[in-house]
Amino acid sequence: MTDAATPRRRGRPTRTETEAAPATRDRILDAAREEFSERGYEKTSVRGIAKAAGVDSALVHHYFGTKEQVFEAAIEVAFAPALAAPIAVEDGPLDMVGERLTRFLLGIWENPTTRTPLLAIVRSAVNNETAAAVFRRLIAAQLLRRIAGRLDLPDAELRAELAAAQLVGVAILRYVIKIEPLASADVERIVERVAPVVQGHLTAP
């Protein structure tokens, strides 16, 4: 936030702002994640993000472009922990990949620090087609194709998508809709039941 002594700068960034670009970009991204988390995609505006970051909206456009591009940059940072999922595919025997991947992704959802931005991403994607398109691009390009590339099996992309659908469905029912008894079930019990299904999607003949 700014006060009267430190008004928000307007227009294109000055030389000082350009030199401090990483810090400014990080501040804008932090504000964007908070705004999208609290308001969702449709109710969030570039002006609101700029106000929360203590900068002029022209700076948001300068560093990121449109609201859609700000959203994509913000969720890419928030989604970063999940992008390590392909490592779970290659780190160990293939006949245990379902358990490793299921445990890894549910672990991200179980952690309150990483769950909060993920909830904002999912809610925005469900309620807004623009946000959904951004989410699809991120999922397809940075997660599913990377997992598929490590399988070296027929129909690898379809297999990865089916496994992701299984895990995303569980996450939505447990953490977003909070349907019982799934919402309060022990996570180890969920892993025990879901991992074999994920394993089948990835490696079954």
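Residues numbered from 1 in each chain as written. Predicted model: local features only at pLDDT ≥ 70, side-chain atom pairs only at ≥ 80, totals over all residues. Heavy atoms only, no water.

Undergrad: Sorry if this is basic, but what is going on with the confidence of the model for the protein here?
TA: It should be kept in mind that the predicted coordinates are not to be read in detail where pLDDT is low. Summary statistics for the protein give a mean pLDDT of 82 and a share of 90% for residues scoring 70 or more. pLDDT under 50 marks residues 1–11. Its contacts with residues more than four places away, or in other chains, come to 17 contacts. Throughout residues 15–19 the model reports pLDDT below 50, and contacts reaching past four residues in sequence, or to other chains, amount to six contacts. (pLDDT = per-residue confidence, 0-100. Contact = heavy atoms within 4.5 Å.)

Undergrad: When you look at the packing of helix α2 (residues 21–43) against helix α3 (residues 46–53) in this model, what are you seeing that I'm missing?
TA: Geometry of a packed helix pair, given as the angle between the helix axes and the separation of the axes. Relative orientation of the contacting elements α2 and α3 amounts to 120 degrees, with a least axis distance of 8 Å. Between α2 and α3, the crossing angle belongs to the class labelled oblique. For the pair α2 and α3, the crossing hand works out as right-handed. On α3, the residues touching Arg27, Ile28, Ala31, Ala32, Glu35 and Phe36 of α2 are Gly48, Ile49, Ala52 and Ala53. Of the residues belonging to the contact of α2 with α3, the class tally is seven nonpolar, one polar and two charged. (Axes fitted to C-alpha atoms, helices over the stretch in contact; angles between N-to-C directions. Helix = DSSP H or I, 4+ residues; strand = E, 2+ residues; numbered from the N terminus. Parallel < 35°, antiparallel > 145°, perpendicular 65-115°, else oblique. Left-handed = near helix turned anticlockwise from the far one by under 90°. Nonpolar A, V, L, I, M, F, W, Y, C, P; charged D, E, K, R; others polar.)

Undergrad: Looking at this model, I keep getting lost on the environment of Ile108. Mind explaining?
TA: Among the secondary structure elements, Ile108 is positioned in helix α7 (residues 97–110). A sequence separation of 27 residues divides Ile108 from Pro81, and the C-alpha atoms of the two residues are 7.2 Å apart. Non-local contacts of Ile108, meaning those with residues more than four positions away in its chain, are made with Pro81, Ala82, Thr114, Arg115 and Leu118.

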